[in-house]
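Chain by chain, the residues:
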Amino acid sequence: MSKETEQLRRWVEEAKYIVFFGGAGVSTESGIPDFRSVDGLYHQKYAFSPETILSHSFFMKKPEEFYRFYRDKMIYPGAQPNACHKKLAELERAGKLKAVITQNIDGLHQAAGSKEVLELHGTIHKNRCMLCGKAYGLDYIRQSEGVPKCACGGIVKPEVVLYEEGLDEDVLRRAVDHIRAADLLIVGGTSLSVYPAAGLIQYFRGNKLVLVNKTPTAYDGEADLLIPEKIGEVFSAL
Ligand code: ZN
């Protein structure tokens, strides 16, 4: 174990109100690639950037193309929670961790057993008819073809926050409340460049801000502890 991870282990032991803030890097170790990292085959299959396809205006204009990309790149039904998800759930059961705030939409924290999960960008597991509001699960989206339709004829839209759409205010408020109350804030698997991540961590009042990220972030200078290692390895050592 590195001396940084050892330091984090001691802080976790002492802490009474741990909050974890995570990004795409948490899920890549479960085999879910960051959709922003475009692979080699991408340009043969899609004429638009992921950010364009995942925007509200694109969804409204070209829903067939949106769902082709969405089923292909956003849904990984075989993905399982990794060591980071599992350790966070364990820390919550032990009463030490109070919330997981995530930018991920895959539901893996809940699959690992976490209860207080604030999904800033929504979830692939909830979908809703745009006309009548009827709720649908993930299987309905996976098993439908083209644009998924409700019995009433409306489009069934994922409850995922698209570009150009606002975040859920209740989720944001609860995230801020937890960060304000935290005595240990662990940020993992995010470069903190995606809105509103960087703004949220400004609410932290404690003196134990830990960044676990393999590559540098713009906030490395503000961290009380920097661990440039694989997140799964760090958490399995805690
Ligand atoms: Zn409907």
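Being a predicted model, the structure only gives us computed values, none of them experimental.

Draft legend 1. Layout of the packing of aromatic side chains. Taken as a whole, this structure holds nine aromatic pairs when the rule is applied. Seen from their ring centres, tyrosine 46 and phenylalanine 69 are 5.3 Å apart, and the 80° between their planes marks the pair as edge-to-face. Here tyrosine 46 is found in the loop between α3 (42-45) and α4 (50-53), whereas its partner phenylalanine 69 is found in helix α6 (residues 63-73), with 23 residues between them in sequence. The residues tyrosine 46 and phenylalanine 69 share a single accessibility class, namely buried.

Draft legend 2. Broad picture of the pairing of strand β4 (residues 122-129). In this structure, β4 lies alongside strand β6 (residues 156-160), joined through five bridges in antiparallel fashion. When the bridges of β6 are listed, threonine 123 appears paired with glutamate 159. With two bridges joining them, β4 and strand β5 (residues 135-136) adopt antiparallel strand pairing. Residue asparagine 127 lies in a different strand from β5, and its bridge partner there is tyrosine 136. Here β4 folds back onto β5 in antiparallel fashion, the turn holding five residues, of which glycine 133 has a positive phi close to 85°.

Draft legend 3. Geometry of the sheet that holds strand β8 (residues 209-212). An order of β3-β2-β1-β7-β8-β9 is seen for the six strands of this open sheet, with the pairing classed as parallel. A single partner strand is all that each edge strand has here, and the edge strands are β3 (117-119) and β9 (225-227). For this sheet, the mean angle separating the axes of adjacent strands, direction not counted, is 15°. Looking at chain direction, strand β1 (residues 18-22) and strand β7 (residues 184-188) are connected through five bridges and run parallel. Residue pairing for β7: phenylalanine 20 is matched across the bridge by isoleucine 186. In the packing of helix α7 (residues 83-93) onto the sheet, contacts are made with β1 and β2 (97-102), and the angle to β2 comes to roughly 145°. Sitting on the sheet, helix α10 (residues 169-181) touches β1, β2, β3 and β7, and the angle it makes with β3 is about 130°.

Draft legend 4. Highlighting the pattern of salt bridges. Across all of its chains, the model carries 15 salt bridges by this definition. Across the salt bridge formed by glutamate 14 and lysine 208, the nearest N and O atoms sit 3.7 Å from each other. Here the residue glutamate 14 occupies a position in helix α1 (residues 3-14), and lysine 208 occupies one in the loop between α11 (197-201) and β8, the gap between them amounting to 194 residues. Judged by its relative accessible area of 22%, lysine 208 falls in the partly exposed class. Measuring nitrogen to oxygen at the nearest pair gives 3.1 Å for the salt bridge that ties glutamate 65 to arginine 68. Taken together, the positions of glutamate 65 and arginine 68, both in helix α6 and three residues apart, correspond to about one turn of that helix. One connected set of salt bridges, linked through shared partners, spans Glu116, Asp170, Arg173, Arg174 and Asp177.

What counts as what
Residues numbered from 1 in each chain as written. Predicted model: local features only at pLDDT ≥ 70, side-chain atom pairs only at ≥ 80, totals over all residues. Heavy atoms only, no water. Phe/Tyr/Trp six-rings, centres within 6.5 Å; stacked < 30°, edge-to-face > 60°. Helix = DSSP H or I, 4+ residues; strand = E, 2+ residues; numbered from the N terminus. Buried < 20%, exposed > 50% of the residue type's maximum accessible area, 1.4 Å probe, protein only. Pairing = 2+ DSSP bridges. Axes fitted to C-alpha atoms, helices over the stretch in contact; angles between N-to-C directions. Contact = heavy atoms within 4.5 Å. Salt bridge = Lys/Arg side-chain N within 4 Å of Asp/Glu carboxyl O.

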